[in-house]
Amino acid sequence: MLTINLVGTAYADTDQLVYYDWSEDTENTIIDNSGHGNDGTNNGSTTFILPTGQIARHFNGQNRITIPENEQLEFTDPNITFGVFFRYDCSNPTNCTYLVSKGNNTCSISIDHTNSTIAYEIYADGHAISGYGESQIEPDEDYEAIVTYDGSHAQLYINGIASGKGVDYTATALGSSYDTNSWTIGSSPDTMYGLNGEIYTFYVYDRTLSSSEILDLYVNDIHSIRDSNKPGGIALSWDDTGHIDTCYKYLSIFQQYNATCTMNVNKISSREIPAQTLANELNALHSAGWEIAAHGYNHTNSRLFLINNTPTEWLNQEIFPNIVEITRYGYPVYSLAYPYSDRNTASDTILAPYFRTLRTGVPSIINNNVNQTPLAYYDWDDAQLLYGVEIDDSRNVSLQSIESGIDYAITTGNVLVLYGHTITPNVTGPYQTSTSKLDSILNYTSQHGGAFYHMGDLGNSTWVRPARFSNVTANYTVSRNTLLAGENVTFVDYSINQKTELLDFGDGSPASSTANVTHTYTTPRTYTANLTVTNEVSSHSMLQTITVIEPTAPVASFTSDCTTGFPPLNVTFTDTSTGLPTSWSWDFGDGNISISQNTTHAYSAAGNYTVRLNVTNEYGSNFIQKVGYITVLEPPSANFYSNVTSGNIPLNVQFCDTSTGSPASWNWNFGDGYTSTEQNPVHTYCSAGTFNVDLVVSYADRNSSKTATITVLQESSSNGGSSGGSSHKSGSSSGGGGAGGSPEPAKNVKVKELSQTFITNGNPIKFDFTKNATCVVSVSFDAKKTVGKTTTIVEMLKNKSTLTPDAPEGEVYGYLNIWVGNSGYATEKNIENATVCFKVEKPWIQDKDIDQTSIILNRYSDKKWNGLPTTLLREDDKYLYFTAETPGFSPFAITAEENVIEILPEPDTQGSEQNESTQSEIEEKPEQTGNASMSGKENVSMPGFEIIYCISGLLGVFLYKRR
């Protein structure tokens, strides 16, 4: 792969082509700044600058090239034309994409060779236009993609043909937000697209191009890459307007081999068929990639005509009308086939300025062998005159001889020139080529690796189309679009290819025959100036609006790009005054002034500033003053204090923000893993240590920070409190923990887990505990108040909470505390529909012989334990999962009751033998598990109770083993 960096500077004049050139090593055009020299090492992206007017060639598409510095291109937004000329050589024709982009995808194109069909996507102002080409493409063929964009419509051309038929998108003009500093060309190198191809040319125009100009680019680019390494092949053309229909009828034969030809036509209007039918046939051929070329307007013998007529008469009667007619159909003309193949040196000289290629017939086939006839071959020597071999069956040039000639062309890299007339399945006379012979020629060329060329691909590569036969473009500028009555406007013409001009000023005065003129508008109103330019093949107009106002004193007005910010604050002021002021005076309110119409001023100190603009013209003056218009903010500076700086756990600390400036947000880090975004938060420290508290205050992109230290000591043995106090009181009905902390002594906490989320009013809130450190799976509720980012803590306790004086009834699975947010938040005023999801281990249920329906979550509130509505949610191999509805959050306990199995005696008393047997078995196992409800009762007066009690115990064991 080739690494390249080209030198020179491209300064493009208005309406000029900016052409870039890169090629294989020519010892003076490639400069590689990677240190590898010209050894072909690819070091990625390469930048280059290049003089105007050169031709681009041979850039490997897997690399990218960036053209820096917008001023080197100097195109005028939004009118632009850009493109790439490429050769597709990927073995897998899928997702091969070539890109040309300007700035932020303002204008770009990607081409996807999926299933050998070009799919394309154009970006105009960031809007995508997608579609598919109608023609199949092949590896090792030359293709060109061009996008021309006029600020509101983008049009795609591939191989010089408008593709997609209606590929058109309405978009706004380019805005100031788009980056216009560089262009990138090349293809994305990632494996996703599997790219492999060569891009040969890249060009940029600072205006839109007409279809004929785009076709010229394509043909010129074809010539720019032709060299001795190009594949040999054939250039096949068909003569006479009367034979267009057979070429159209048998187009499928050509398309089967991806072959394109040249159609040489004479007076098109002479056809005795509807004009639209003829236009459709020509358009179908052209859309399939065919060249439409000249054959003399009246099909007159050129040599005989010049014997009795002047060259001027010949051009005016036979040549120019032919070119004009074809061009007006939309097909630029590159080549001419002499009628009857009759010509001489004088006719060649006369036609040289108007055609790239002239075609005649070979005088004879030497020894009836095409491969022995040198004149039949074009060897890329820029010869304008080519000699063709007629393939019509009546000429008796055998298919074998033609195939031999094709072999010679492919072997030598030359082009065999062939031509015919009408195509028919059954040959019945002269000037006819059989479909079988045509198919054989095309098939043989394709199978042996030959290429198919147009006549316009060959010939004189330095030829330039005369302006009179190129489409015109109207373009002009005015010195100003708004003026006072009695003032002048200067028009400057930038039109191209025009033969005549007519500029209508729109005020009823006589039109001008030139657009380089100065005109005076005397009456106030809005006028539309219209420039129409024409030549022999086209006409084009351009409009501009001229607003003439009554002479009067101006009215001051202005805008700015910003009004608030930090110093240094750069503000751009734009004058929007009416009445055409001629002088301006700005007072920025900080002691500085300016006399520019539009100006930028830097404010260096915080404060509010009043801006005044005074405008003047010869008819008077006016001013506008905007009081306090600019606000320069003082940058935020972080500062805070706390009510205490040390104390025993649990230590409650109130932090107070005293930051200066204009902070809009506060971010606290308390040093123990907890944070807050409140301005003045309260935080509870639950473990001993020295903690660095960090506050960061921010506004826009400015921030400031401060750090202080809080020292937390172990709880004193003489009392359970601390100097900081606690926000969670024993027996309190208040919901919620304190500022992300807990009043529970750390020595009673087995493990705790935290979860954070944002709480916003009206939304369902859920805290998930994913580390499985506690028995709580999640805590959820509906928020009735927005508090922002909030922390919920779940603590699994070693014993009952120190905040509760007694234990709940029943078998206790575990004690826990749940603290939600700051103290006092999780109340019925702020939340509703609160639910706790918790889990209980199955082995505990089995070991304790627990009735799972009795498992409930108890909450300590109002100085007592209260059972909550608890529902079994689901189970897995290890746990039963429950949900419980709770009015708030505080200490909790999970409790359950043991199974009680009661068996009543049968009406018939069992025999003594059975009773004795049962009693004996019970005596052998005196320590059976009793009914939990009878625990502590030793004397039972009910007859037979002991037996029933023991049987109940045995069955309980039996049922447990069966689980």
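Residues numbered from 1 in each chain as written. Predicted model: local features only at pLDDT ≥ 70, side-chain atom pairs only at ≥ 80, totals over all residues. Heavy atoms only, no water.

Looking at the confidence of the model for the chain
Under the convention used in this document: The score called pLDDT rates the predictor's confidence residue by residue, from a low of 0 to a high of 100. Contact between two residues is taken to exist if any of their heavy atoms lie within 4.5 Å; hydrogens are not considered.
Across the chain, pLDDT averages 77, with 70% of residues at or above 70. In this model residues 92-98 is a low-confidence stretch, pLDDT under 50, and it forms 44 contacts with partners more than four residues away in sequence or in other chains. Counting contacts from residues 186-200, a segment whose pLDDT is below 50, to residues more than four positions away or on other chains yields 71 contacts.

Some details on helix α7 (residues 311-328)
We apply this condition: Numbering of helices and strands starts at the N terminus; helices are DSSP runs of H or I of at least 4 residues and strands are runs of E of at least 2. Expected helix span is given by 1.5 Å per residue-to-residue step, counting one fewer step than there are residues. Fitting axes to the seven residues ending at a residue and to the seven starting there, one defines the bend at that residue as the angle between these axes.
A rise of 1.5 Å per residue sets the reference length of α7, with its 18 residues, at 26 Å; its end C-alpha atoms lie 24 Å apart and thus fit the reference within 8%. Along its length, α7 shows its largest kink, about 35°, at Ile 319, and proline Pro 321 lies within four residues downstream of that point. Tucked inside the fold, the buried residues of α7 contact β16 (262-265), β17 (291-294), α6 (302-308), β18 (335-337) and α8 (345-351). At the C-terminal side of α7, Gly 330 shows a positive phi close to 105°.

Details of the sheet that holds strand β34 (residues 564-565)
What counts here: When DSSP finds two or more bridges between a pair of strands, those strands are recorded as paired.
Across the sheet, which stays open at both edges, the 5 strands sit in the order β34-β40-β39-β36-β37 with mixed pairing between neighbours. Every other strand in the sheet has two partners, leaving β34 and β37 (593-594) as the edge strands with one partner each. Note that β34 and strand β40 (residues 620-632) share 2 bridges and pair parallel. Paired with Thr 564 across the two strands is Thr 631, which belongs to β40.

Side note on unusual backbone geometry
Put simply, the rule reads: Think of it in three bands: with a 1.4 Å probe and only protein chains considered, a residue is buried below 20% of the maximum accessible area for its type, exposed above 50%, and partly exposed in between.
Geometrically, the link from Pro 567 to Pro 568 is a cis peptide bond, its omega value of -10° lying close to zero. Structurally, Pro 568 is set in the loop between β34 and β35 (569-575). A cis geometry characterises the amide bond from Ile 649 onward to Pro 650, with omega recorded as -10°. Within the fold, Pro 650 resides in the loop between β42 (646-648) and β43 (651-657). Of note in this structure, Asp 240 is not a glycine but carries a positive phi near 90°. Within the fold, Asp 240 resides in the loop between β15 (233-239) and α3 (244-249). The phi angle at Asn 772 is positive, at roughly 60°, despite the residue not being glycine. If you trace the backbone, Asn 772 turns up in the loop between β50 (764-768) and β51 (776-783). Note on Asn 772: relative accessible area 54%, which makes it exposed.

Describing the side chain of Thr 435
The topology assignment puts Thr 435 in helix α10 (residues 435-447). What makes Thr 435 buried here is its relative accessible area of 16%. Those residues in contact with Thr 435 that sit more than four places away from it in its chain are Tyr 250, Ile 253, Ile 423, Thr 424 and Pro 425.

Regarding the pairing of strand β57 (residues 870-875)
Pairing geometry for β57 and strand β58 (residues 879-885), over 5 bridges, is antiparallel. By the bridge assignment for β58, Thr 871 is matched with Thr 883. Counted along the chain from β57 to the antiparallel partner β58, the turn is 3 residues long.

Here's the deal with the pattern of salt bridges
Test applied: Should a side-chain nitrogen of Lys or Arg be within 4 Å of a carboxyl oxygen of Asp or Glu, the pair is scored as a salt bridge.
Throughout the structure, instances matching the rule amount to 9 salt bridges. In this structure, the salt-bridge partner of Asp 239 is Arg 359, at a minimum N-O distance of 2.7 Å. Here Asp 239 is found in strand β15, whereas its partner Arg 359 is found in strand β19 (residues 357-361), with 120 residues between them in sequence. Take Asp 239 and Arg 359: they sit in the same class, and that class is buried. Between Arg 468 and Glu 536 there is a salt bridge; the shortest N-O distance is 2.3 Å. One end of the pair, Arg 468, is in the loop between β25 (451-453) and β26 (476-478); the other, Glu 536, is in the loop between β31 (525-534) and β32 (539-549), and 68 residues separate them in sequence. Overall, Arg 468 belongs to the partly exposed group, its relative accessible area being 28%.

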